[in-house]
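# Analysis of the macromolecular model
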Amino acid sequence: GAKPWFEKADIALPCATQNELNEEQAKALVANGVIAVAEGANMPSTPGAIRVFQEAKILYSPGKASNAGGVSVSGLIHENCVKYGKEADGYVNYVKGANVAGFIKVAKAMMAQGIV
């Protein structure tokens, strides 16, 4: 029943269930040398875990996304995350970038409908 998050690794790929990886486990991954975390599911890392990854400045990529036809849009997501999430020191905050890009998309849609 042990979870793999306390093992030494370079890359972690949480992809089972929502909230699979918590803050304590994220700290263990960082302490054990993880340099990248790429989610393969919808929200397997808790907000606390995500914060740990960002504070450690490791590469963190949120869960994969597809459009309604099942075509991956991860390339576009990456571009937007870099565009809106790149920090002064060069680190790309994917959560910030995705949130800003999402806000801009909603704002543009509202303006196109004449709501704003």
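Here, the structure is the one placed above.
Rules used throughout
Residues numbered from 1 in each chain as written. Predicted model: local features only at pLDDT ≥ 70, side-chain atom pairs only at ≥ 80, totals over all residues. Heavy atoms only, no water. Helix = DSSP H or I, 4+ residues; strand = E, 2+ residues; numbered from the N terminus. Buried < 20%, exposed > 50% of the residue type's maximum accessible area, 1.4 Å probe, protein only. Areas by Shrake-Rupley, 256 points an atom, 1.4 Å probe, with all protein chains shown as cover. Salt bridge = Lys/Arg side-chain N within 4 Å of Asp/Glu carboxyl O. Patch = residues over 30% accessible without salt bridge, like charges linked within 9 Å, V, L, I, M, F, W, Y side chains within 5 Å. Expected span 1.5 Å × (residues − 1). Arc of directions from axis to C-beta. Polar contact = N/O pair within 3.5 Å; in protein donor to acceptor, adjacent residues only side chain to side chain. Pairing = 2+ DSSP bridges. Core = buried A, V, L, I, M, F, W, Y, C linked by side-chain atoms within 4.5 Å. Contact = heavy atoms within 4.5 Å.

## Observations concerning the overall build of the chain
A tally of helices and strands in the chain yields 4 helices and 3 strands. Helices and strands appear in the chain in the N-to-C order β-α-β-α-β-α-α. Looking at the chain as a whole, 28% of its 116 residues are labelled buried. Accessible surface, the chain: about 7,300 Å² in total, of which carbon and sulfur atoms supply 59%.

## A closer look at the pattern of salt bridges
With the rule as written, the count across this model stands at 4 salt bridges. The shortest N-O distance in the salt bridge between lysine 3 and glutamate 20 comes to 3.4 Å. A residue pair is termed long-range when its members are at least 10 positions apart, and lysine 3 in the segment before strand S1 (11-12) and glutamate 20 in the loop between S1 and helix H1 (23-31) qualify at 17 residues. What makes lysine 3 partly exposed here is its relative accessible area of 38%. With relative accessibility at 17%, the residue glutamate 20 sits in the buried group.

## A few points about a nonpolar patch on the surface
Together, Val106, Met110, Met111, Ile115 and Val116 make up an exposed nonpolar region whose accessible area comes to about 510 Å². Tracing the backbone shows methionine 111 in helix H4 (residues 94-112).

## So, H4
Between the first and last C-alpha of H4 there are 27 Å, a value that for 19 residues agrees with the 27 Å anticipated at 1.5 Å per step. Within the sequence span of H4, burial applies to Tyr94, Gly97 and Ala101. Buried residues of H4 fall within an arc of 65° about the axis and therefore sit on the same side. Residues of H4 that are exposed and point more than 90 degrees away from the buried face comprise Asn99, Phe103 and Met111. For H4, the capping residue at the N-terminal end is asparagine 93, with a side-chain oxygen 3.2 Å from the backbone nitrogen of valine 95.

## Thoughts on the environment of glutamate 39
Relative to the assigned elements, glutamate 39 resides in the loop between strand S2 (36-38) and helix H2 (47-55). The spacing of glutamate 39 and proline 14 is 25 residues in sequence and 5.2 Å in space, taken between C-alpha atoms. Only 2.9 Å separates the side chain of glutamate 39 from the side chain of tyrosine 60, close enough to count as a polar contact.

## A short note on the sheet that holds S1
Strand order in the open sheet formed by 3 strands is S1-S2-S3, with parallel pairing between adjacent strands. The two strands at the open ends of the sheet, each matched to only one other strand, are S1 and strand S3 (59-61). Summarising the sheet, S1 and S2 pair through 2 bridges and their orientation is parallel. Bridge pairing in S2 links alanine 12 to valine 37.

## Observations regarding the nonpolar core
Within soluble globular proteins, side chains that are nonpolar tend to cluster in buried spots. Counting 13 residues, the largest nonpolar core has Leu21, Ala26, Leu29, Val37 and Phe53 as the members making the most contacts within it. Mapped onto this core, the elements with two or more residues apiece are H1 and H2. Tallying contributions element by element places H2 first for this core, with 4 residues. Residue contacts for leucine 21: discarding those within four places in its chain leaves Trp5, Pro14, Ala26, Leu29, Pro44, Ser45, Thr46, Ala49 and Phe53.

Structural measurements only, silent on function.
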